[in-house]
Amino acid sequence: MDPLKALADAERGPYWLDSPARPEPAPRLTGHTTADLLVVGGGFSGLWTALMAKERDPSLDVVLLEGRRIGWAATGRNGGFCMATLTHGLANGMERWPEEIDRLERMGVANLDEIERTLWRYRIDCSFERTGELHVATEPWQLDGLNEHLELISELGLDYVPLDRDQVRAELDSPTYLGGLWERSGCAMVDPARLAWGLRDACLRLGVRVHERSPVRSLHDDGTTITLRTPYGTAAARHVALGTGVFPPLLRRLRHFVVPVYDYVLMTEPLTAAQLAEVGWSNRQGVGDSGNQFHYYRLTDDNRILWGGYDAVYYNGGLVKQEYDQRDATFVKLAQHFYATFPQLANVRFSHRWGGVIDTCSRFSAFYGQAHGGRLAYAAGFTGMGVGATRFGANVMLDLLSGERTERTEVRMVKEKPIPFPPEPVRSGVIQFTRWSIARADQHQGRRNLWLRALDRMGLGFDS
Ligand SMILES: Cc1cc2nc3c(=O)[nH]c(=O)nc-3n(C[C@H](O)[C@H](O)[C@H](O)COP(=O)(O)OP(=O)(O)OC[C@H]3O[C@@H](n4cnc5c(N)ncnc54)[C@H](O)[C@@H]3O)c2cc1C
């Protein structure tokens, strides 16, 4: 179908948030309140922090402050791939922390297991399906990358199935596939908005005081108590946890480490049984292709296909703006790629199109730290793989605030910071040149130019 025609009636906004299950917002913070712990941010990072703070100590008085609505940002508009990896994939983790990778992988699987147990405990229905992830190669050079990945995962004893061309097409039928690899246990599909709303509900049931539409405008520390000011009220506590993602930070130092990168997504109408039979997909895996610019796609519980990725856009100046959530040129490109991948689905239209902002850092996996004499903790920089890893990040923030040394706080990944980005306008120039080089590598059998190889040597890069 002509992509423009297929997109003509698509809503401009995240499919996941367009749901009758979306709760009414909790009241704004008004007046002055005190608590033991203030959590800023109502995405996955903040929600997990508030929930687990209460689970660790039910007597703790916890207040969560969200500037807009719970889950409205990256948390409610992502692909819903809830991954075990804490390092933005095994290869990235192996390159940066080879001596820790066993431990990081083990902690990541335990984190995903705990997410699953939490869903049972609080009866959170977010269509959790632990289907694993299918990596597919669509160009011969991508098969080499998959083989390298295969070596890594077999060394670590992970559960995987290598698939040749016919086998991968028996799982999911696209004429573009040349081979694949199914990692079976390290990834689950979720409805991210229903997960966020379920966590919100669990927080409320445990007694967390949640305030939405309460943006924190300033932070004041008198040496023992930190006071946060919102437009209509103030809140004070000894401890503060920041789960504020890529938004203008309350702690100035964070702005050197994260940049906003926009990622775009399409959602199809529900497939009929006959359309689904055309592609197979009976094991319902999340799928990622293997270029540097990659697509990710998956089924929803009513058999729509979410189709996202490829263009990862940094807008010069590095601002977060609502108008960037829509990008028609990218939507058309994504639709073209969808039909090229699944020509059998040429009659399927799109129901939703949206974008969202990712907190990219130069090492692609989150970093952690403390300020104000250890009474404030933060976690940021999840770079497009935070649906699962934010729960680990929340645990790290709680460990740091308690002063406890745990297995989590002792790994290098947690102790070390990423290399900061240069200031603007150099930042824009460097990132745009890197994006150009990455696109060129994909067009030239994956060959990386001098610039990308230099960045690789320094352990730097750009990803979504
Ligand atoms: C299009 C897209 C697709 C993605 N796909 C995947 C995927 O499939 N799998 C995966 O693992 N990850 C994916 N991600 C990344 C994932 O969504 C994020 O890593 C994760 O949601 C980060 O959660 P967070 O709570 O840290 O940040 P956010 O969800 O950004 O939440 C931060 C919250 O803090 C609030 N806030 C900020 N400043 C203040 C303040 N001063 N006062 C009050 N509140 C404040 C914001 O309003 C916001 O609600 C994707 C992201 C995008 C955008």
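- Going by an unreviewed UniProt entry, the chain carries the name FAD-dependent oxidoreductase and comes from Nonomuraea diastatica.

### Overview of the pairing of strand E13 (residues 259–268)
Okay, so step 1: Here E13 lies mainly inside the structure; ten of its ten residues are buried.
Okay, so step 2: Here ten bridges tie E13 to strand E17 (residues 350–360), and the two strands are oriented antiparallel to one another. Bridge pairing in E17 links Pro-260 to Asp-359.

### Focus on the layout of surface pockets
Okay, so step 1: In this structure, the second largest pocket encloses a volume near 380 Å³.
Okay, so step 2: Along the walls of the second largest pocket sit 21 residues, with Thr-138, Glu-139, Gln-142, His-295 and Tyr-310 positioned nearest its centre.
Okay, so step 3: Taken together, the residues of the lining of the second largest pocket break down into eight nonpolar, ten polar and three charged.
Okay, so step 4: Both of domain 1 (3–12 + 126–186 + 259–361) and domain 2 (425–458) provide at least three residues apiece to the lining of the second largest pocket.

### Brief notes about the packing of helix H12 (residues 426–443) against helix H13 (residues 450–458)
Okay, so step 1: Running from amino to carboxyl end, H12 crosses H13 at an angle of 110 degrees, the nearest separation of the two axes being 9 Å. If you check the angle between H12 and H13, you find them roughly perpendicular. The chirality of how H12 crosses H13 is left-handed. Residues Val-430, Phe-433, Thr-434, Ser-437, Ile-438 and Ala-441 of H12 lie in contact with H13, whose contacting residues are Trp-451, Leu-452 and Leu-455.
Okay, so step 2: Looking at the contact of H12 with H13, its residues break down into seven nonpolar, two polar and no charged.

### Some words on the environment of Arg-194
Okay, so step 1: Its place among the elements puts Arg-194 in helix H7 (residues 192–206).
Okay, so step 2: What makes Arg-194 buried here is its relative accessible area of 18%.
Okay, so step 3: Sequence separation between Arg-194 and Pro-14 is 180 residues, and the spatial gap between their C-alpha atoms is 13 Å.
Okay, so step 4: Those residues within four positions of Arg-194 in sequence are excluded, and the remaining contacts are Ala-21, Ile-124, Asp-125, Cys-126, Ser-127 and Asp-301.

Thresholds, definitions, all that
- Residues numbered from 1 in each chain as written.
- Predicted model: local features only at pLDDT ≥ 70, side-chain atom pairs only at ≥ 80, totals over all residues.
- Heavy atoms only, no water.
- Buried < 20%, exposed > 50% of the residue type's maximum accessible area, 1.4 Å probe, protein only.
- Helix = DSSP H or I, 4+ residues; strand = E, 2+ residues; numbered from the N terminus.
- Pairing = 2+ DSSP bridges.
- 1 Å grid on protein atoms, 1.4 Å probe; cavity = no way out; pocket = protein on both sides within 12 Å on 5 of 7 lines; lining within 4 Å.
- Points joined across faces, edges and corners; volume = space filled by probe spheres on them.
- Nonpolar A, V, L, I, M, F, W, Y, C, P; charged D, E, K, R; others polar.
- Domains from an automatic or database assignment.
- Axes fitted to C-alpha atoms, helices over the stretch in contact; angles between N-to-C directions.
- Parallel < 35°, antiparallel > 145°, perpendicular 65-115°, else oblique.
- Left-handed = near helix turned anticlockwise from the far one by under 90°.
- Contact = heavy atoms within 4.5 Å.

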